[in-house]
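One-letter residues, chain by chain:
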Amino acid sequence: MKKHLVNAAVLSALIGATTQVQAQGAGRDTISIVGSSTVYPFATVVAERFGRSTDFKTPKIESTGSGGGLKLFCKGVGANTPDITNSSRRIKKSEYDDCQANGVTEIVEVLIGYDGIALANASSAPTFKMSMKDVYLALAKDIPGADGKLIANPHKTWKDVNPTLPATRIEVLGPPPTSGTRDAFAELAMGGGAKAIPALKALRSLEAGQEAEIRQAMAQLGMPAGVYDALKEQKGKAPKGEDVFNTIAYAVREDGAYIEAGENDNLIVQKLAANPDALGIFGFSFLEENGDKVHGSVIDGVTPTFDTIADGDYPISRPLYFYIKKAHVGKIPGIQEYALEFTSEKAMGEDGYLPEKGLIPLADDELAKVEADVRNMNTLSM
Amino acid sequence: MNSTNEPRRSTSSAAIQASLKRRYARERRFQWYGRLAVLTGFVFLFILLADIVSKGYPAFTQQYIMVEVDFDKEQLGLAADATAEQIADADYLGLIKRSLREMFPEVTSRSEKKQLYRLVSMGAEYQLRDMVMDDPGLLGQTREIWLQAHSEAGSYLKGQVAADSDQADRKVKDQQVLWLDQLRAAGRTESRFNTTFFTAGDSREPEMAGIKVALYGSFFTLLVTFFIAFPIGVSAAVYLEEFAPRNRLTDLIEININNLAAVPSIVFGLLGLAVFINFFELPRSAPLVGGIVLSLMTLPTIIITSRAAIQSVSPSIREAALGVGASKLQTVFHHVLPVAMPGILTGSIIGMAQALGESAPLLMIGMVAFIMDAPTGITDPATVLPVQIYLWADSPERGFTEKTSAAIMVLMGFLIVMNALAIYLRKRFELK
């Protein structure tokens with residue numbers, strides 16, 4: 001009898017909680033932020049300061065990855081969807097269209113700064129000095145052989161790639177394909193390196209209309225014609241030379257030279273410290289925090305430092321963004337105030353607390369423009 | 001006869017002797033293999049624990065630096081009749097910076113000043129603000145105040161940084177080492193028990209981060225899990241054991257429950273995302289959803305152990321109860337369940353301990369989040385201990401390494417307590 005009563009009480013309590021939740025759905029008082037794990041360390045710093053120094057609640061920030069964040073963000077308008085999503089790349093046209101289709105019509109884009117991607121090895125080993133072409137030739141799945149046709153990457157040691165490099169085995173630890181860091185690395189480093197090869201550069205410059213030329217270039221590279229047709233089907237329209245180029249340039253070798261080490265950059269740093277022959281790929285903030293254990297390789301003659309990334313000299317760097325759902329501004333308290341705190345001189349300025357955490361700040365004029373965009377809530381159109 | 005038998009007997013007894021010897025040797029060998037296996041297990045456990053404890057124990061102390069702070073109204077920009085709001089908004093960081101400069105007047109260059117300011121935690125300005133908010137009478141006075149040290153300075157004071165290593169190889173610079181040594185010599189540094197670790201939520205500054213949100217989150221999540229999984233699990237077990245007919249259908253149910261116990265936990269997370277968040281529109285990151293998902297995961301454990309406990313109740317108890325005229329329901333509730341209860345509780349506690357250590361399904365429902373404010377109910381955003389560990393392990397700041405290990409120690413402490421409780425209950429059960 002007593003047990004029945006207990007059960008009934010528990011049941012009613014749960015039902016009560018559920019109805020209470022649905023009632024709450026109308027108005028949430030905590031800002032909900034999702035998105036990139038690269039922006040997460042910066043967004044959380046701002047959120048913490050914002051929570052401590054204002055009367056608003058501290059925003060809740062989930063680390064879902066850029067793609068996952070935008071998917072949640074574009075699901076619709078309402079208290080059950082996030083207000084802001086962080087992204088380590090610009091929103092894609094397809095994602096923007098998805099947002100529009102789901103009623104998220106007004107989006108404010110905020111550029112917050114830059115992040116460099118470092119290729120680093122243990123401090124006990126000599127610093128690598130290489131070009132992006134070396135990076136491409138060492139890590140691509142297929143590279144053009146002596147006769148111009150693509151062959152499976154034959155390079156075993158760095159010396160095979162470039163005689164000036166040491167004769168150690170190619171062993172690179174990096175993030176898996178789901179990571180934004182990997183996307184950026186493929187696009188900037190691998191793509192940049194592939195462009196240094198004339199045949200690939202020529203292919204890249206071909207337009208969508210030049211189907212015959214693209215097919216001819218592909219034949220010269222020894223690629224099956226099916227690749228073109230598959231791309232055409234995938235895109236729903238005639239692919240450009242650049243699309244074919246991307247399939248060649250962004251494919252990372254799978255024969256053990258590139259090791260997927262998971263999303264945890266700390267783990268990569270630890271593995272590098274233990275293995276002086278290996279190189280690792282991770283964001284600049286991890287390089288800066290672990291300067292005693294690892295050092296960044298010189299790429300195209302530029303060492304990854306705060307200044308070289310800020311000046312744009314270091315070639316492998318990418319912009320970081322967050323996106324605001326304008327429909328939520330004014331409904332959920334504190335969204336604009338949070339964005340203003342983020343873009344304030346105190347946070348994003350050269351002496352702000354974000355650069356101290358490893359964010360590469362915007363130039364002054366860029367910052368002023370971003371700040372104005374946030375103040376006026378200028379929306380994005382694509 | 002004797003003469004012919006004698007040697008034969010002796011050869012056969014010799015053969016038996018030899019085979020006996022071999023058998024004993026085999027047994028001894030096997031025992032050694034067994035000991036070796038146990039030893040290997042212990043060595044691994046010892047290495048794991050030693051690694052965690054050696055990394056984690058420094059996190060339980062916290063370093064403080066004594067700074068003389070002049071609560072100058074002009075510096076703060078406050079008039080005598082300042083409102084509470086003005087006091088809250090005043091520039092306490094400037095106050096700290098000035099106090100530090102006064103302690104080391106020789107510091108003039110910009111980069112040196114920056115290093116000097118990095119000695120104290122970012123939280124110090126909020127500490128001063130709260131002090132003034134509590135007691136506005138402090139304004140205009142000068143006080144000696146213990147301020148929390150920055151995690152990098154703290155790690156030097158804890159002796160984790162070798163001062164003779166190359167300056168470029170460490171976060172604490174030579175100049176800072178010099179200042180910290182001076183402060184220590186003057187008795188202006190202090191090591192205390194780290195209460196912040198238990199009273200603060202997550203933070204981006206290692207010295208200010210704590211596990212309060214994770215502890216509350218774990219508590220609320222387990223509360224929901226218990227109130228769902230325990231009544232449902234025990235009811236299902238009682239029905240299946242005592243009332244259900246034995247037929248194909250109940251056999252099928254039994255097989256499915258056993259299968260459910262082996263389903264990877266991430267699958268429950270996906271289910272929670274699809275059903276509770278997307279369909280029922282319950283809030284993301286809430287202990288309510290986390291608890292429901294974990295209760296699905298612990299249900300099979302509770303049902304299986306409860307059934308085993310009910311099965312092991314002696315039939316004579318049931319027969320005696322039925323014999324004196326008790327109904328089936330009375331027999332079950334008054335006689336069988338009380339005897340089976342310790343076993344049921346043991347199983348439930350082990351199931352709850354599993355739920356406490358689980359993180360994979362919670363990744364899917366948004367509990368991997370930066371949350372500073374402790375939840376006040378089951379619908380507030382929260383995180384749980386294993387997820388907090390995962391988040392800290394992924395942070396770039398070096399200071400989080402020890403926090404990660406310390407949080408693991410706390411989690412393991414809870415698991416040990418829960419498992420010890422389960423063993424205690426089983427012991428009592430066996431005595432009966």
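Since this is a predicted model, take the numbers as computed values, not measurements.

Focus: the overall build of chain A
Step number 1: Scanning chain A from terminus to terminus reveals 18 helices and 13 strands.
Step number 2: Seen through its C-alpha atoms, chain A measures out along the principal axes to roughly 80 × 60 × 50 Å.
Step number 3: Of all intrachain contacts in chain A linking residues separated by at least 6 positions in sequence, the fraction that spans at least 24 positions is 72%.

What to know about the overall build of chain B
Step number 1: A tally of regular secondary structure across chain B gives 18 helices and 4 strands.
Step number 2: The C-alpha radius of gyration computed for chain B amounts to 32 Å, which surpasses the reference 22 Å derived for 432 residues by more than 25%, pointing to a less compact arrangement than a globule.
Step number 3: The C-alpha extent of chain B, read off along each of the three principal axes, is 115 × 75 × 40 Å.
Step number 4: For chain B, the proportion of its 432 residues judged to be buried stands at 40%.
Step number 5: For chain B, the share of sequence-separated contacts (at least 6 apart) that also reach a separation of at least 24 residues comes to 77%.

With respect to the interface of chain B and chain A
Step number 1: In this assembly, 29 residues from chain B lie in contact with 30 residues from chain A.
Step number 2: Put simply, the parts of the chain that give the side of chain B that touches chain A at least two residues each are helix 10 (212–243) and strand 4 (369–370) of chain B.
Step number 3: In the side of chain B that touches chain A, the residues fall into 16 nonpolar, 5 polar and 8 charged.
Step number 4: Note: strand 2 (residues 60–62) of chain A against strand 4 of chain B, 2 bridges, orientation antiparallel. The partner of Glu62(A) across the bridge, within strand 4 of chain B, is Ala369(B).

Here we look at the domain arrangement of chain A
Residues and elements named next belong to chain A.
Step number 1: Here chain A is partitioned into domain 1 (25–114 + 319–376) and domain 2 (126–197 + 250–275).
Step number 2: Facing the 7 residues of domain 1 at the interface are 6 residues of domain 2.
Step number 3: Tallied by class, the residues present in the side of domain 1 that touches domain 2 amount to no nonpolar, 6 polar and 1 charged.

With respect to helix 4 (residues 93–101) of chain A
Residues and elements named next belong to chain A.
Step number 1: Of all the positions in helix 4, only Glu95, Tyr96 and Cys99 are classed as buried. Buried residues of helix 4, viewed axially, fall in a sector of 100 degrees; they line one side. Residues of helix 4 that are exposed and angled more than 90 degrees away from the buried face: Lys93, Ser94, Asp97 and Ala101.

Here's the deal with the confidence of the model for chain B
Step number 1: When pLDDT is averaged along chain B, the result is 88; 96% of the residues meet or exceed 70.
Step number 2: On the interface metric, ipTM, the complex scores 0.79, and its pTM is 0.79.

Considerations on the sheet that holds strand 3 (residues 189–193) of chain B
Residue and element names in this part refer to chain B.
Step number 1: Taken together, the 3 strands give an open sheet; going across it, the order is 2-1-3, and neighbouring strands pair in antiparallel fashion. The strands lining the two open edges of the sheet, one partner per strand, are strand 2 (142–148) and strand 3. In this sheet, adjacent strand axes meet at a mean angle of 35 degrees when their direction is disregarded.
Step number 2: Where strand 1 (residues 61–70) lies against strand 3, 5 bridges are found, and the strand directions are antiparallel. Residue pairing in the sheet places Gln63 in a bridge with Ser191 of strand 3.

Structural notes on the environment of Leu147(B)
Residue and element names in this part refer to chain B.
Step number 1: Within the element layout of this structure, Leu147 appears in strand 2.
Step number 2: Between the C-alpha atoms of Leu147 and Ile96, which are 51 residues apart in sequence, the distance is 9.6 Å.
Step number 3: The residues contacting Leu147, other than those within four sequence positions of it, are Tyr64, Ile65, Val67, Val120, Ala124 and Gln127.

Considerations on the domain arrangement of chain B
Residue and element names in this part refer to chain B.
Step number 1: Along its sequence, chain B is organised into domain 1 (60–193) and domain 2 (212–431).
Step number 2: For domain 1 and domain 2, the distance between their C-alpha centroids amounts to 46 Å.
Step number 3: Opposite the 4 residues of domain 1 that make contact, domain 2 presents 4 residues.
Step number 4: Across the side of domain 1 that touches domain 2, the residue classes break down as 1 nonpolar, 2 polar and 1 charged.

Examining the packing of helix 2 (residues 40–53) of chain A against helix 15 (residues 335–342) of chain A
All names here are of chain A.
Step number 1: The interhelical angle for the contact between helix 2 and helix 15, taken along N-to-C directions, is 120 degrees, at an axis separation of 10 Å. With respect to each other, helix 2 and helix 15 are oriented oblique. For the pair helix 2 and helix 15, the sense of crossing is right-handed. Taking contact as the criterion, the partners of Val46, Arg49 and Phe50 in helix 2 are, on helix 15, Tyr338, Glu341 and Phe342.
Step number 2: In the contact of helix 2 with helix 15, the residues fall into 4 nonpolar, no polar and 2 charged.

Quick look at the packing of helix 10 of chain B against helix 15 (residues 328–356) of chain B
All names here are of chain B.
Step number 1: Put simply, helix 10 and helix 15 touch, their axes get as near as 10 Å, and they point 140 degrees apart. Overall, the two elements helix 10 and helix 15 adopt an arrangement that is oblique. Of the two possible hands of crossing, helix 10 and helix 15 adopt the one that is right-handed. In contact with Ser218, Leu222, Thr225, Phe226, Ala229, Phe230, Val234, Val238 and Glu242 of helix 10, helix 15 contributes Val332, Ile344, Ser348, Gly351, Met352, Ala355 and Leu356.
Step number 2: Looking at the contact of helix 10 with helix 15 residue by residue, the class counts come to 11 nonpolar, 4 polar and 1 charged.

Describing the environment of Asp380(B)
All names here are of chain B.
Step number 1: Turning to its location among the elements, Asp380 is positioned in the loop between strand 4 and helix 17 (385–393).
Step number 2: Residue class for Asp380 comes out buried when judged on the 23 C-beta atoms lying within 10 Å of it.
Step number 3: Asp380 sits 160 residues away from Phe220 along the chain, and the two C-alpha atoms are 9.9 Å apart.

Overview of the confidence of the model for chain A
Residue and element names in this part refer to chain A.
Step number 1: Averaged over all residues, the pLDDT of chain A is 85; the fraction at 70 or higher stands at 92%.
Step number 2: Model confidence for chain A, summarised as mean pLDDT per element, is weakest for helix 1 (residues 2–24) at 49 and strongest for strand 3 (residues 84–87) at 94.
Step number 3: When the criterion is pLDDT under 50, residues 18–26 qualifies, and its contacts beyond four places in sequence or with other chains add up to 10 contacts.

Things to note about unusual backbone geometry
Residues and elements named next belong to chain B.
Step number 1: In this structure, Glu281 takes a positive phi of about 55 degrees despite not being glycine.
Step number 2: Relative to the assigned elements, Glu281 resides in the loop between helix 12 (265–279) and helix 13 (287–311).
Step number 3: Judged by the 14 C-beta atoms lying within 10 Å of it, Glu281 is partly exposed.
Step number 4: Backbone geometry places Ser285, a non-glycine residue, at a positive phi of 60 degrees.
Step number 5: Tracing the backbone shows Ser285 in the loop between helix 12 and helix 13.

Describing the environment of Val110(A)
Residue and element names in this part refer to chain A.
Step number 1: With respect to the helices, strands and loops of the structure, Val110 is situated in strand 4 (residues 107–122).
Step number 2: Expressed as a C-alpha distance, the spacing of Val110 and Ile91, which sit 19 residues apart in the sequence, is 11 Å.
Step number 3: The contacts of Val110, once residues within four sequence positions are left out, are Tyr321, Phe322, Ile324, Ala339, Thr343, Val370, Asp373 and Val374.

Calculation rules
- Residues numbered from 1 in each chain as written.
- Chains lettered and ligands numbered in written order.
- Predicted model: local features only at pLDDT ≥ 70, side-chain atom pairs only at ≥ 80, totals over all residues.
- Helix = DSSP H or I, 4+ residues; strand = E, 2+ residues; numbered from the N terminus.
- Contact = placed C-beta atoms within 7 Å.
- Rg over C-alpha atoms; globule rule 2.2 N^0.38 Å.
- Buried ≥ 20, exposed ≤ 12 C-beta atoms within 10 Å, placed from the backbone.
- Nonpolar A, V, L, I, M, F, W, Y, C, P; charged D, E, K, R; others polar.
- Pairing = 2+ DSSP bridges.
- Domains from an automatic or database assignment.
- Arc of directions from axis to C-beta.
- pLDDT = per-residue confidence, 0-100.
- Axes fitted to C-alpha atoms, helices over the stretch in contact; angles between N-to-C directions.
- Parallel < 35°, antiparallel > 145°, perpendicular 65-115°, else oblique.
- Left-handed = near helix turned anticlockwise from the far one by under 90°.

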